[in-house]
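# Breakdown of the fold
So you can see what is in the structure, the chains are spelled out below.
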Amino acid sequence: MNVNKMFPERGPAFWWTGFTALIASGTIFILFVSLVVESVPVFKVQGVSFLWGTDWFAGESYGALPMIFGSLMVTGLAVILVLPFALGSAILTSEFLNGRYRLMVKAAMELLAGVPGIIYGLIGIALLTAAVRDVFGLIDGNTLFTAGLLLAVMILPTVMTLAEDALRAVPGEFRDTALSLGLTRMEMVLKVVVPQALPGLAGAVFLGLGRAMGETIAVMLVIGGIDRIPQPWFDLFAPGQSIPSKIGREAAESLGFDLQWSALIALGLVLFVMVMALTSAGNLLLRRAR
Amino acid sequence: MTRRLFKEQTILFALYGFTICGCLVLAVILATVFIKGSPAISGAFLFEESRNFGLEGGIFYQIVGTLILMAGAALVCLPVALGSVLFQTEFLHSPQIKKLFRLLIYSLNAVPTIIFGLIGYLFFGVFLEAGVSWVTGVLILAVMILPTLHVSIHEAVESIPKHYREAALALGLSPGQQMRAVILPQSLHGIVTGTLLGLARAAGETAAIMFTATAFSGVKLPQSWTEPVTTLQTHILVLAQEATNPLALTNAWGAGLVLLMIVFVLIAVTLWIRSGLQMEAQR
Amino acid sequence: MTENAIQLEQVRLSYSGKAVIETASCRIRKNAVTAVVGPSGSGKSTLLRTLCRMNDRLPGFQVEGSVIVLGRDIHDPTLNVYELRKRVGMVFQKPCVFPKSIVENVTFGLKFHASPNGKGFSERAEQSLRDVFLWDEVKDRLDDPANTLSQGQQQRLAMARTLAVDPEILLMDEPTSALDPKSSRAIEDLILSLKDRHTLVLVTHNVDQAERVAEDLICVDEKTICHKPCHPLPASVTLDPL
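Counting from 1, residues in each chain are numbered in the order their sequence is written. Note on labels: chains are lettered from A, ligands numbered from 1, in written order. Owing to the predicted nature of the model, reporting of local features is limited to residues with pLDDT of at least 70; listing and counting of side-chain atom pairs is limited to 80 or more, with chain, interface and lining totals taken over all residues.

## Observations concerning the overall build of chain B
Definition in use: Elements are defined by DSSP. Helices are runs of H or I of four residues or more, strands are runs of E of two residues or more, and each kind is numbered from the N terminus. Here exposure depends only on C-beta density: within 10 Å of a residue's C-beta, 20 or more other C-beta atoms make it buried, 12 or fewer make it exposed, and intermediate numbers make it partly exposed, the C-beta atoms being placed from the backbone. For every residue pair, C-beta atoms are placed from the backbone, and the pair is scored as a contact if these atoms sit within 7 Å.
The helix and strand inventory of chain B stands at 11 helices and 2 strands. If you list the helices and strands of chain B from N to C, you get α-α-β-β-α-α-α-α-α-α-α-α-α. Projected onto its principal axes, the C-alpha coordinates of chain B cover approximately 75 × 70 × 35 Å. Taken over 283 residues, chain B has a buried fraction of 46%. The contacts in chain B between residues at least 6 apart in sequence include a share of 74% that link residues at least 24 apart.

## Considerations on unusual backbone geometry
Of note, the bond from Gln231 of chain A into Pro232 of chain A is cis; its omega dihedral lies within 30 degrees of zero at -10 degrees. Mapped onto the elements of the fold, Pro232 of chain A is located in the loop between helix H10 (217-222) and helix H11 (243-250). Located in the positive-phi region is Asn31 of chain C, a residue other than glycine, with phi close to 50 degrees. We classify Asn31 of chain C as partly exposed; it has 16 C-beta atoms within 10 Å. With phi around 65 degrees, Asp166 of chain C is a residue other than glycine that occupies positive phi space. You can see Asp166 of chain C is positioned in the loop between helix H7 (151-164) and strand S7 (169-173). Of the residues examined, Asp166 of chain C has 18 C-beta atoms within 10 Å and is grouped as partly exposed.

## A word on the interface of chain A and chain C
Put simply, the rule is: Only Asp, Glu, Lys and Arg are considered charged in this grouping, and only Ala, Val, Leu, Ile, Met, Phe, Trp, Tyr, Cys and Pro are considered nonpolar; every other residue, Gly among them, is considered polar.
Each partner contributes to the interface: chain A provides 15 residues, whereas chain C provides 20 residues. At the level of elements, helix H8 (172-180) and helix H9 (185-214) of chain A are the ones that each hand at least two residues to the side of chain A that touches chain C. Per-element accounting of the side of chain A that touches chain C gives the leading share, 6 residues, to H8 of chain A. Split by residue class, the side of chain A that touches chain C holds 5 nonpolar, 7 polar and 3 charged.

## Let's talk about the interface of chain B and chain A
Contact residues are listed per partner, giving 68 residues for chain B and 65 residues for chain A. Take the side of chain B that touches chain A: its biggest share by element is 16 residues, from helix H1 (residues 2-37) of chain B. Of the residues assigned to the side of chain B that touches chain A, the class counts are 50 nonpolar, 16 polar and 2 charged.

## Some remarks on the packing of helix H6 (residues 117-136) of chain A against helix H7 (residues 144-168) of chain A
Residues and elements named next belong to chain A. Filter applied, for reference: Helix axes are fitted to C-alpha atoms over the stretch in contact, other axes to C-alpha atoms as well, and angles between N-to-C directions run from 0 to 180 degrees. Here the angle decides the label: under 35 degrees means roughly parallel, over 145 means roughly antiparallel, 65 to 115 means roughly perpendicular, and every other value means oblique. For a crossing to be left-handed, the near helix must be turned anticlockwise from the far one by less than a right angle; the clockwise case is right-handed.
Between H6 and H7, the shortest axis-to-axis distance is 10 Å and the interhelical angle comes to 135 degrees. With respect to H7, the element H6 is oriented oblique. For the element pair H6 and H7, the recorded crossing hand is right-handed. Contact residues: H6 offers Gly117, Tyr120, Gly124, Leu128, Thr129 and Val132, while H7 offers Phe145, Thr146, Leu149, Leu150, Val153 and Met154. For the contact of H6 with H7, a count of residues per class yields 8 nonpolar, 4 polar and no charged.

## Digging into the confidence of the model for chain C
All names here are of chain C. Selection rule: Here pLDDT means the predictor's own confidence in every residue, given as a number from 0 to 100.
Per-chain confidence: chain C averages 82 in pLDDT, with 88% of residues scoring 70 or above. The low-confidence segment residues 229-242 (pLDDT under 50) makes 16 contacts with residues lying over four places distant or belonging to another chain. Among the scores for the predicted complex, ipTM is 0.91 and pTM is 0.88.

## Topic: helix H5 (residues 99-113) of chain A
Counting along an α-helix, one turn takes 3.6 residues, and residues three or four places apart therefore face a common direction. The test is simple: Every helix has an expected span of 1.5 Å times one less than the residues it contains. As used here, the arc is the angular range of directions from the helix axis to the C-beta atoms.
End to end, H5 of chain A covers 21 Å across 15 residues, agreeing with the expected 21 Å (1.5 Å per residue, within 8%). Taken residue by residue, H5 of chain A has Val105, Met109 and Leu112 of chain A as its buried positions. Across the axial projection of H5 of chain A, the buried residues extend over an arc of 65 degrees, all falling on one side. Of the exposed residues in H5 of chain A, the ones pointing more than 90 degrees away from its buried face are Gly99, Arg100 and Met104 of chain A. The elements touched by buried residues of H5 of chain A are helix H4 (65-96) and H7 of chain A together with H1 of chain B.

## As for the confidence of the model for chain B
Looking at chain B as a whole, its pLDDT mean stands at 88, while 97% of the residues score no less than 70. Here strand S2 (residues 56-57) of chain B stands out as the least confident element of chain B, with mean pLDDT 78; helix H6 (residues 134-158) of chain B is the most confident, with 94.

## Topic: the packing of H4 of chain A against H9 of chain A
Residues and elements named next belong to chain A. It is at 9 Å that the axes of H4 and H9 come closest, and there the two elements cross at 140 degrees. When the axis of H4 is compared with that of H9, the two are oblique. The way H4 lies across H9 gives a crossing that is right-handed. Touching Ser71, Thr75, Ala78, Val79, Val82, Leu87, Ile91 and Glu95 of H4 are Val189, Val193, Leu201, Val205, Gly208, Leu209, Ala212 and Met213, all from H9.

## A short note on the pairing of strand S4 (residues 61-69) of chain C
Strand residues, when the strand is regular, have side chains that alternate between the two faces of the sheet. Residue and element names in this part refer to chain C. Our working rule: When DSSP finds at least two bridges between two strands, those strands are taken to pair.
Bridge analysis of strand S1 (residues 4-15) against S4 gives 8 bridges, and the strand direction is antiparallel. Counterpart to Leu8 in the pairing with S4 is Val67. Direction of pairing for S4 relative to strand S5 (residues 72-73): antiparallel, over a ladder of 2 bridges. Looking at the pairing, Ile68 lines up with Asp73 of S5. In this structure, the hairpin formed by S4 and S5 is closed by a connection of 2 residues, where Leu70 is found at a positive phi of approximately 50 degrees.

## Some details on the pairing of strand S2 (residues 18-29) of chain C
Residues and elements named next belong to chain C. Inspection of the sheet shows S1 paired to S2 by 8 bridges, in the antiparallel sense. Bridging across to S2, Val11 finds its partner in Ala24. With antiparallel pairing between neighbouring strands as the criterion, S1 and S2 make up a hairpin whose turn holds 2 residues, including Ser16 at a positive phi of roughly 50 degrees.

## A short note on the domain arrangement of chain B
Residues and elements named next belong to chain B. Put simply, the test is: The start and end points of each domain follow an automatic or database-based domain assignment.
Domain annotation of chain B identifies domain 1 (2-40) and domain 2 (43-282). The interface of domain 1 with domain 2 comprises 7 residues on the first partner and 8 residues on the second. Broken down by class, the residue content of the side of domain 1 that touches domain 2 amounts to 4 nonpolar, 2 polar and 1 charged.

## Focus: H11 of chain A
Across the 8 residues that make up H11 of chain A, a large majority, 6, are buried. All buried positions along H11 of chain A are accounted for by Ile243, Pro244, Ser245, Lys246, Ile247 and Gly248 of chain A.

Below you can see the structure in the form of structure tokens.
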């Protein structure tokens, strides 16, 4: 690579912006490398069994499976719960509402997407856990289900906005053609617009999944905080633990260099890889849709 | 045919149902925060320090702490975001490298915030020896909001009409002069909206700062680089865990309402600036 | 003896209060080819789209006066607009095929109008493809994705898709403007071959094309329209140069 040819003008502006660009683009690598390096100790002690061990006792053994399981459960549940609402409102907004109302809905969604996670956490702990406990007749309302439900509400604005964008991106010609063939408006939407927007819609859902999986604070307050896979495993009304909530609970007490810290970082690495996979898939689908 | 129209109406009805339910849930959430939070709000609540582990007194230093962290993060982040955007638009010419750069920024945007907390603590807290302090918090949040600022500024710079740049080039301006004379003034709205969104994002963040920058009680203004602050977010977090105590809960809702207002004002101003620009563009 | 397929009386088309067409009165004969010509931006596409109520989707669009298509006022509230669009098909400027196979594209509209058992779909598809002279080119690859066809073939496929629904009137909005001369010629031949069974209305900015295929001519200019017999093309008609 010839630097002189690539960057013919190298004044002070070049060096300053180049330096900041290096920071901006290098951060993600630094994060990844640090996660790998810092999690080496726990993998040295435990081997890869760290990933499928089911027991986590600080100072004795570190098994990540209950947390991985909990993360997958709450994220999956959140997406199943959010899908009809996010897609339904996206279709209605993009295809059936006219300009003014559409912009109003979009602005409201953007506002709601900014509600801090701690607010959802507060609502969860003060109201939702009790509601879940009473409605389903449980002893304790801090369950995987509660966390999934709260996450669904949290990601609704994000998924809805992205899905609406994907629907709007379908060219008007397709709508014209479908209508000219005598399709009703709903037939046009369901048989032409939605299939055409499918990659974009899937992308929206994947990005929502990624966001849900990384959410810490709200989940931490309502999930129950027990590092155990429920018996039977599909019992959503049992307490559990997700990766971020585990890290959030224990990071403060183990800030340092012992094995527990390394184990938490290793959990972070697992989370990082899963979230990156989901988000990359989502971004890829969204880009293909355009 | 009537069957066809019936089906059409049924599905439309269902769409309305889902939309209204979704909006209702969100409306209930906002209403709850307002209803539960407003009784706590008073002059004393806003301007007094908290006493008795947050059960009594106000949230003055919590508000100040949140403002310090978000303002500091935006201040640190802005030059970096601006510089990296300018490098991308002014010096990078290969479309592949530009694409890669974009991909890296988007990936950074997706990183769970708790990971910023973990690794940020290692770098700023341990290697820079800032410990659990407001400086660590500012730096972590600055990295966290970098993609928000970058994307917003990048959009603004990309949308500068070509002839503006060509005019500057024709005058023989160097890249640095071009940036000052054309690009920065023309992309000011993107810089402002990006910064506001970044501030909102920093204000709403809890996970990345709760074990790296804050302490719960007995903290006022930081007197040195390595002292922690107390923030609205972490204040709510601690009070929420005492949810059985009605005093704690009332103050938590009050702090929640203040935090929500800070975030909403920032986002609303952003939306307002953006809609004003759209109207101008339509003219 | 000729019947009118379409009849416009004192029609005014406006968009958010601004007139696109000030007054339009004209008749379009059944089983004939009528060309609508005029400078670009004169509202000829808008006029054409009004005939099958494609402008319903535009907020702020308004039609005054009476538009009678196939004996009925199309703004009659009891009229079934989907039935109208089935009887009045439309082909657009840019060929627009759905990301499905060739045969699925042809039968796409059919599925919504025919009885649900789906009998005779393949025959109808074959007939439509033969009508647009596409059958011989695609009969061995009916299940290939439709976007593997050339632009000209895609436009003919779009016409086959419209014909499969069996419309009485076929509206065409500059159907050859996105095509090369050879494909355009193929479309023109196609139009001529269809006029025995269909009423065709063709918007074009190409005077030569109008002369080649149309029997009647409608000129749109200065927000009004005038009716002119076509053969021979009157020397006084001035149109935008190409």
